[in-house]
Amino acid sequence: MSIQMRGAEVAKAMKEKLIREREELNAAGVNPCLTIIRVGAKENDLAYERGAKKRMEMIGIECRIAELPEDISQEEFEDAFCKINKDPEVHGILLFQPLPEQLDVEKIRQMIDPAKDMDGMSPVNLAKIFEGDRTAYAPCTSEAVMHIMNHYGIELQGKRVTVIGRSMVVGKPLSMLMLGQNATVTICHSRTKDLADRCREAEIIVAAIGRANHITADMIAEGAVVADVGINVLEDGTLCGDVDYENVREKVSHITPVPGGVGNVTTSVLASHVLRAARTGQNEPGQRRG
Ligand SMILES: Nc1nc(=O)c2c([nH]1)NC[C@@H]1CN(c3ccc(C(=O)N[C@@H](CCC(=O)O)C(=O)O)cc3)C=[N+]21
């Protein structure tokens, strides 16, 4: 029997501390505030938005949603974005990605105030993550995987970890966080030869490719630990991960379900980032209130 690494359980363990931190900020006259920027209405973004809103409510963090039209021009987007970026009431920004094609993500990455960049999209935060600087904001999902490993007592030191996926929100930054814990990390992707072998030799597998049920039981070693970061929306609207859960769970020691796994912790990490940003802002002149 494998142990199910449940996101709700990890989130519950984080909750009390987050509420306490929010209360301390309130007592100092600070009202922590997140703004989510959503362009269009993709189901994937809406799922995250629902989860994030619920989490912020639970912790007591103000959560604003800036909803922008799918066909917005770069100029109009920059206008709206700059207002939020400069708003002293807003401590943190989460911009859903990917953006529609007409928008220049690179330019926006350069524009975002690194101090408000809750999901590690600024090159400033990413460079720090790659340097091993733990004060930077890592993409929430990558940090969520680390929290789950830590909560379930999964030691990373010296372990063979295979990360499948090389995105800037999960694969690459997570590989760096794991390297920071002295894991031996192999990064696989769509062009990797012998993916099954790279998976079978791993003690810990992280699936972040975005293809439903792509990682099958024959690719996984007996007793491995599996974190499934994939969130795939099937045609009937149900969510499923990158791992063939029902078959894989039979042979592994630990596994995260989807839904109910990493996604749940992602929103808790997001809350922790907003509180950190609000605390940091407190020490800067001009940001003081109350
Ligand atoms: N800059 C950026 N960073 C992201 O991390 C990012 C993004 N853009 N765009 C959209 C995707 C999607 N995503 C989800 C995260 C959590 C849940 C989540 O909380 N899921 C719940 C279910 C929520 C529900 O369906 O109500 C669960 O897994 O249990 C869902 C989806 C992050 N993404």
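Residue numbers restart at each chain and count upward from 1, following the sequence in its written direction. Predicted model: local features are reported for residues with pLDDT of at least 70 only, side-chain atom pairs are reported and counted for 80 or more only, and whole-chain, interface and lining totals are derived from all residues.

*Asks:* Any chance you could explain the site of the ligand here in plain terms?
*Replies:* Neighbouring the ligand are 20 residues, the closest being Ala47, Tyr48, Gly51, Pro259 and Gly263. Among the secondary structure elements, those contributing two or more residues to the shell around the ligand are helix 2 (43-59), helix 6 (140-151) and helix 10 (262-282). Segments assigned H or I by DSSP are reported as helices when at least four residues long, segments assigned E as strands when at least two residues long, and all are numbered from the N terminus. A total of six residues in the shell around the ligand trace back to one element, the largest contributor, which is helix 2. Three categories are distinguished: nonpolar for Ala, Val, Leu, Ile, Met, Phe, Trp, Tyr, Cys and Pro, charged for Asp, Glu, Lys and Arg, and polar for the others, with Gly belonging to the last. Broken down by class, the residue content of the shell around the ligand amounts to eight nonpolar, nine polar and three charged. Mapped onto the domain boundaries, the shell around the ligand takes at least three residues apiece from domain 1 (29-113) and domain 2 (140-263). To decide whether a residue is near a molecule or strand, its C-beta atom is placed from the backbone and checked for lying within 6 Å of it. Here the bounds of each domain stem from an automatic or database domain assignment.

*Asks:* Any chance you could explain the domain arrangement of the chain here in plain terms?
*Replies:* Reports of interface size often rely on the accessible area that becomes lost once the parts have come together. Taken domain by domain, the chain consists of domain 1 (29-113) and domain 2 (140-263). On a C-alpha basis, the centroid separation for the pair domain 1 and domain 2 is 27 Å. The interface of domain 1 with domain 2 comprises five residues on the first partner and four residues on the second. Here the side of domain 1 that touches domain 2 is built from residues that sort into one nonpolar, three polar and one charged. Here the contact rule is simple: place C-beta atoms from the backbone, and any two residues whose C-beta atoms are within 7 Å are in contact.

*Asks:* Would you take a moment to explain the nonpolar core for this structure?
*Replies:* Soluble, globular proteins show a tendency: their nonpolar side chains are buried together. Core analysis: the largest hydrophobic core is formed by 76 residues, its most contacted members being Val145 and Val206. Broken down by element, this core gets its largest block of residues, nine residues, from helix 10. When we break this core down by domain, the ones giving at least three residues each are domain 1 (29-113) and domain 2 (140-263). Non-local contacts of Val145, meaning those with residues more than four positions away in its chain, are made with Leu174, Val206, Ala227, Val229 and Val262. In these notes, a nonpolar core means any group of buried Ala, Val, Leu, Ile, Met, Phe, Trp, Tyr and Cys residues linked to one another through C-beta atoms within 7 Å. Buried means a residue has 20 or more other C-beta atoms within 10 Å of its own C-beta, exposed means 12 or fewer, and partly exposed covers the counts in between; C-beta atoms are placed from the backbone.

*Asks:* Can you walk me through the pairing of strand 4 (residues 92-95) in this structure?
*Replies:* Regular strands place their side chains on alternate faces of the sheet. On strand 4, burial covers both faces: Gly92 and Leu94 on one face and Ile93 and Leu95 on the other are all buried. Note that strand 2 (residues 33-39) and strand 4 share four bridges and pair parallel. The residue bridging Ile37 from the neighbouring strand is Leu95, located in strand 4. A pair of strands counts as paired when DSSP detects no fewer than two bridges linking them.

*Asks:* Explain the UniProt feature "domain: Tetrahydrofolate dehydrogenase/cyclohydrolase catalytic" (unreviewed entry) in the chain here, please?
*Replies:* UniProt positions are given in the numbering used here, feature names are shortened, and annotations may be inferred rather than shown by experiment. UniProt's feature table lists "domain: Tetrahydrofolate dehydrogenase/cyclohydrolase catalytic" (unreviewed entry) at residues 6-119, given in the numbering used throughout. Within residues 6-119, the helical portion is 51% and the strand portion 16%, while the C-alpha atoms at the span's ends are 22 Å from each other.

*Asks:* For this particular structure, what's the right way to read the sheet that holds strand 3 (residues 62-68)?
*Replies:* In any sheet, the strands associate via hydrogen bonds between backbone groups, in a parallel or an antiparallel arrangement. Overall, parallel pairing links the three strands, which are arranged 3-2-4 in an open sheet. Taken across any chain shown, the strands that pair with only one partner, and hence form the sheet edges, are strand 3 and strand 4. Going across the sheet, the axis of each strand differs from the next one's by a mean of 20°, ignoring polarity. Here seven bridges tie strand 2 to strand 3, and the two strands are oriented parallel to one another. Bridging across to strand 3, Ile36 finds its partner in Ile65. Under this scheme, a helix contributes an axis fitted over its contacting stretch, all axes are lines through C-alpha atoms, and angles between N-to-C directions fall in the 0 to 180 degree range. Along the sheet, helix 2 contacts strand 2 and strand 3; its crossing angle with strand 2, the most-contacted strand, is approximately 165°. Its contacts with the sheet place helix 3 (residues 74-86) against strand 2, strand 3 and strand 4, and it is angled at close to 170° to strand 3.

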